Amino acid sequence: MHNAKPVHVPLPGHLKLSKTQCPKNDQEKEEMSKVPYSSAVGSLMYAMVCTRPDIGYAVGVVSRFLSNIGKEHWSAVKWILRYLKGTAKQCLCFGNGNQILVGYVDADMAGDVDSRKSTSGYLITFVGGAVSWQS
């Protein structure tokens, strides 16, 4: 990923991951077993929990396929890594202004292509810095 082109969106809207993209035969499964998918997703989860709430939704999506990954799923993980590369200079900061607690919430309706389940999330900020989040 050292020479990868940075992107500025954690997961593009056109990228819809599904179980139908999982390997369908033994040869494809063998090929994908060599990919360090779970290690990469675990590293992304660590970054998300510690300092990068902005990748929460994207990490949640790619973690659905840990047991049976396809090429498109791996491409999505690499996309998230490219996003982190492009936004490496961003950080969580607390301002020095008014001490205001602000909350944001969002949801998609039936965003999971396979189960038609929805995803919701929230972000709580204090003095401009994120203090709590969930997706």
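In this report, we go over the structure that sits alongside the text. Just so it is clear, the structure is predicted and the values come from calculations on it, not from any experiment.

Cut-offs used in this document
- Residues numbered from 1 in each chain as written.
- Predicted model: local features only at pLDDT ≥ 70, side-chain atom pairs only at ≥ 80, totals over all residues.
- Heavy atoms only, no water.
- Helix = DSSP H or I, 4+ residues; strand = E, 2+ residues; numbered from the N terminus.
- Contact = heavy atoms within 4.5 Å.
- Phe/Tyr/Trp six-rings, centres within 6.5 Å; stacked < 30°, edge-to-face > 60°.
- Buried < 20%, exposed > 50% of the residue type's maximum accessible area, 1.4 Å probe, protein only.
- Lys NZ or Arg CZ within 6 Å of the ring centre and 35° of its normal.
- Core = buried A, V, L, I, M, F, W, Y, C linked by side-chain atoms within 4.5 Å.
- Polar contact = N/O pair within 3.5 Å; in protein donor to acceptor, adjacent residues only side chain to side chain.

## Looking at the overall build of the protein chain
Right, so step 1: Within the protein chain one finds four helices and three strands.
Right, so step 2: Along the chain direction, N to C, the helices and strands of the protein chain fall in the order α-α-α-α-β-β-β.
Right, so step 3: Of the contacts formed within the protein chain by residues at least 6 apart in sequence, a portion of 68% connects residues at least 24 apart.

## Quick word on the packing of aromatic side chains
Right, so step 1: In total, this model carries one aromatic pair according to the counting rule given.
Right, so step 2: Both rings, one in tyrosine 37 and one in tryptophan 74, keep their centres 6.3 Å apart while their planes meet at 55 degrees; by these two values the pair is tilted. Here the residue tyrosine 37 occupies a position in helix 2 (residues 37-50), and tryptophan 74 occupies one in helix 4 (residues 71-86), the gap between them amounting to 37 residues.
Right, so step 3: Judged by its relative accessible area of 17%, tryptophan 74 is buried.
Right, so step 4: In this structure, arginine 82 is placed above the aromatic ring of tryptophan 79, and the distance from its NZ or CZ to the ring centre is 5.0 Å.

## Let's talk about the environment of valine 105
Right, so step 1: As for its placement among the helices and strands, valine 105 is situated in strand 1 (residues 101-108).
Right, so step 2: Considered as a pair, valine 105 and arginine 64 are 41 residues apart in the sequence and their alpha carbons are 22 Å apart.
Right, so step 3: Filtering out sequence-adjacent residues up to four positions away, valine 105 remains in contact with Gly121 and Tyr122.

## Some remarks on the nonpolar core
Right, so step 1: Counting residues in each nonpolar core, the largest one holds 24 residues, and the members touching the most others are Tyr37, Leu44, Ile55, Val62, Trp74 and Val77.
Right, so step 2: If you list the elements that add at least two residues to this core, you get helix 2, helix 3 (56-62) and helix 4.
Right, so step 3: Considering each element in turn, this core owes the most residues, six residues, to helix 4.
Right, so step 4: With sequence-adjacent residues up to four places away left out, tryptophan 74 is seen in contact with Met32, Val35, Pro36, Tyr37 and Ala40.

## Points about the side chain of threonine 119
Right, so step 1: Summarising the element assignment, threonine 119 is placed in strand 2 (residues 119-126).
Right, so step 2: A distance of 3.3 Å separates polar atoms of two side chains, one belonging to threonine 119 and the other to arginine 64.
Right, so step 3: For threonine 119, the contacting residues outside a window of four places in its chain are Tyr57, Arg64, Asp106, Ala107, Asp108 and Ser135.

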